[in-house]
Amino acid sequence: MEIIGHRLDNPRRLYSFGELLLLPGYATMSPREVDTSVVLDGIKLGNPFVSSPMDTVTESDLAIELALNGGFGVIHRNCTVEQAVEMVEKVKKFRIPEGGEKAVKDARGRLAVGAAISPLDVDRAVALADKCDLLFTDVASFHNAKLIEGTKKVVKATGRKIVIGNLGTAEGVLHSIKEIGKENIAAVKMGMGGGSICITSDVSGVGSPCSFGVEQAALALRELDLLDQIPIIADGGIRHSRDIAFSLGLGASLVMLGNLFARCEESPGEKIMKDGKPYKVYWGMGSAEARKKRLVLDRYQDFGKGKKVDEGIKMHIPLEGKVSDVVERLSAELRVTMGYIGARNIREMKEVAQIVVKTAAEEKAGVK
Ligand code: IMP
């Protein structure tokens, strides 16, 4: 298998979501009949939406609302182990209102929730493993000897399957599966440098936008005949419902959303007013603001003595509304796409989606 171009005379073509279009397909159902549910490590979600483990995105309140609306929250790790456990317990203790039929639940009927860990912090992983439903390694570039070794230790200590990431290449996916074992991987999370608050690629010149990363993971998993067994999560730079559709069409089963959930009332980001309009404060986990707490320092490159390069920025994003409103909008818009291309469910998205790359001429002709 050709993995990735190493030479300038054979560069791989990178594209961003803005350059893509899905071709219309033969539809046999209406968007209302479309099924957007997906299974992540045995947990059934009504919508393929997972929230980013960031301290301006996912704490208990957002995780509760997301699970009530068919999604899955992942508690951040920019806090002490005790605080992370407390946040997970708050979600688990939440009493699901009568009629909460959309709620995503664990086997005991409690709301489902995940938690971020560092592969280098086995203690945090052990403390959270039995309290939450799924552990997510939360590092900028998982394809790293120390992080893969650390993850093996986490698997051994917790006996749990882990969501690994982030990765950007087919090579990284193949290597990680070989090292960690397919039976220990709950999903692979793809994308590096593409996040809305991310400046990793500007600083380092390194990156793999999640559109490209997802395609790479799909190549690797198809090669191993594991595409139906290990779900791909697209992470970073998803701003519109169409980006969700492109990700699913390229091979992802779920998307991780930071910006789109940071703009919800229930996110922990501070609410501020500018020119009479409400905004939420959103920052990257590699930003100076997030690093002040000094708890996610191992997410990024370390130069010793606490010296760090900024890999994230802070921004103000317009407050959109409640999690329920945002999920409802994204889900409805995704159904419209699925209706147009003729995909009855998320699995069929991968099979029927025909994605084309727009040329500069088409851009000029007004294809938006
Ligand atoms: P968004 O949905 O485009 O805002 O991207 C969110 C994703 O960006 C997260 O899920 C992380 O994978 C990634 N991320 C979070 N913080 C940073 C950072 O400071 N630098 C680079 N990437 C980040």
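Rules used in this analysis
Residues numbered from 1 in each chain as written. Predicted model: local features only at pLDDT ≥ 70, side-chain atom pairs only at ≥ 80, totals over all residues. Heavy atoms only, no water. Helix = DSSP H or I, 4+ residues; strand = E, 2+ residues; numbered from the N terminus. Buried < 20%, exposed > 50% of the residue type's maximum accessible area, 1.4 Å probe, protein only. Contact = heavy atoms within 4.5 Å. Polar contact = N/O pair within 3.5 Å; in protein donor to acceptor, adjacent residues only side chain to side chain. Pairing = 2+ DSSP bridges. Axes fitted to C-alpha atoms, helices over the stretch in contact; angles between N-to-C directions. Near = heavy atom within 4 Å. Areas by Shrake-Rupley, 256 points an atom, 1.4 Å probe, with all protein chains shown as cover. Nonpolar A, V, L, I, M, F, W, Y, C, P; charged D, E, K, R; others polar. Disulfide = S-S within 2.5 Å. Parallel < 35°, antiparallel > 145°, perpendicular 65-115°, else oblique. Left-handed = near helix turned anticlockwise from the far one by under 90°. Phe/Tyr/Trp six-rings, centres within 6.5 Å; stacked < 30°, edge-to-face > 60°. Lys NZ or Arg CZ within 6 Å of the ring centre and 35° of its normal.

Visitor: For the environment of S51, give the residues involved together with the corresponding values.
Guide: With respect to the helices, strands and loops of the structure, S51 is situated in strand 4 (residues 49–51). You can call S51 buried: its relative accessible area is 0%. Between the C-alpha atoms of S51 and G73, which are 22 residues apart in sequence, the distance is 4.9 Å. Leave out the neighbours within four places in its chain, and S51 touches V57, T58, L62, L66, F72, G73, V74, M256, L257 and F261. There is a polar contact of 2.8 Å between the side chain of S51 and the side chain of T58.

Visitor: Describe in detail the sheet that holds strand 6 (residues 114–117), supporting the description with residues and values.
Guide: Spatially, the eight strands line up as an open sheet ordered 4-11-10-9-8-7-6-5, and their pairing is parallel. Each of the sheet's edge strands pairs with one partner strand only, and the pair in question is strand 4 and strand 5 (74–75).

Visitor: Quick one: what's the story with the sheet that holds strand 13 (residues 277–283), residue by residue and with numbers?
Guide: One open sheet accounts for three strands, arranged 12-13-14; its pairing is antiparallel. Each end of this open sheet is capped by a strand with a single partner; those strands are strand 12 (271–274) and strand 14 (314–318). Taken pair by pair, the neighbouring strands of this sheet meet at an average axis angle of 45°, ignoring direction. Sheet analysis places strand 13 next to strand 14, joined by five bridges and oriented antiparallel. Bridge pairing links V281 to H316 in strand 14.

Visitor: Explain the site of the ligand to me, using residue names and the numbers behind them.
Guide: Taken together, 24 residues are adjacent to the ligand, and S52, S196, D235, Y282 and G286 come closest. S196 places a side-chain nitrogen or oxygen 2.7 Å from an oxygen atom of the ligand. At 2.9 Å from an oxygen atom of the ligand is found a main-chain nitrogen or oxygen belonging to G258. Coverage of the ligand by the protein amounts to 96% of the 500 Å² it exposes when considered alone. Among the residues making up the shell around the ligand, the classes are represented as eight nonpolar, 13 polar and three charged.

Visitor: Could you give an account of the state of the cysteines, with specific residues and numbers?
Guide: Evaluation of the coordinates by the stated rule reveals zero disulfides. This cysteine, C132, is not joined by any disulfide, and C79 carries the nearest cysteine sulfur, 12 Å off. Among the residues examined, C132 registers a relative accessible area of 4% and is labelled buried. C210 takes part in no disulfide bond, and the closest cysteine sulfur, belonging to C198, lies 11 Å away.

Visitor: Hey, could you go over the packing of helix 2 (residues 81–93) against helix 3 (residues 122–129) for me, with residue numbers and the actual values?
Guide: As a packed pair, helix 2 and helix 3 sit with axes 10 Å apart at the nearest point and diverge in direction by 20°. It follows that helix 2 is roughly parallel to helix 3 by the angle criterion. In this structure, helix 2 crosses over helix 3, and the sense of that crossing is right-handed. Between helix 2, through V81, A84, V85 and V88, and helix 3, the contact on the second element is made entirely by R124, A127 and L128. Taken together, the residues of the contact of helix 2 with helix 3 break down into six nonpolar, no polar and one charged.

Visitor: Account for the packing of aromatic side chains, with residues named and values stated.
Guide: Tallied over the full model, the rule gives two aromatic pairs. The residue whose ring lies beneath K274 is Y279, and the NZ or CZ to ring-centre distance is 4.9 Å.

Visitor: So what about unusual backbone geometry? Which residues, and what values?
Guide: With omega at 5°, the peptide bond leading from G165 into N166 counts as cis. By secondary structure assignment, the location of N166 is in strand 8 (residues 162–167). Phi at D225 is positive, roughly 60°, even though this residue is not glycine. Here D225 shows up in the loop between helix 7 (210–223) and strand 10 (232–235). You can call D225 exposed: its relative accessible area is 65%. Phi is positive for D275, close to 50°, though the residue is something other than glycine. With respect to the helices, strands and loops of the structure, D275 is situated in the loop between strand 12 and strand 13.

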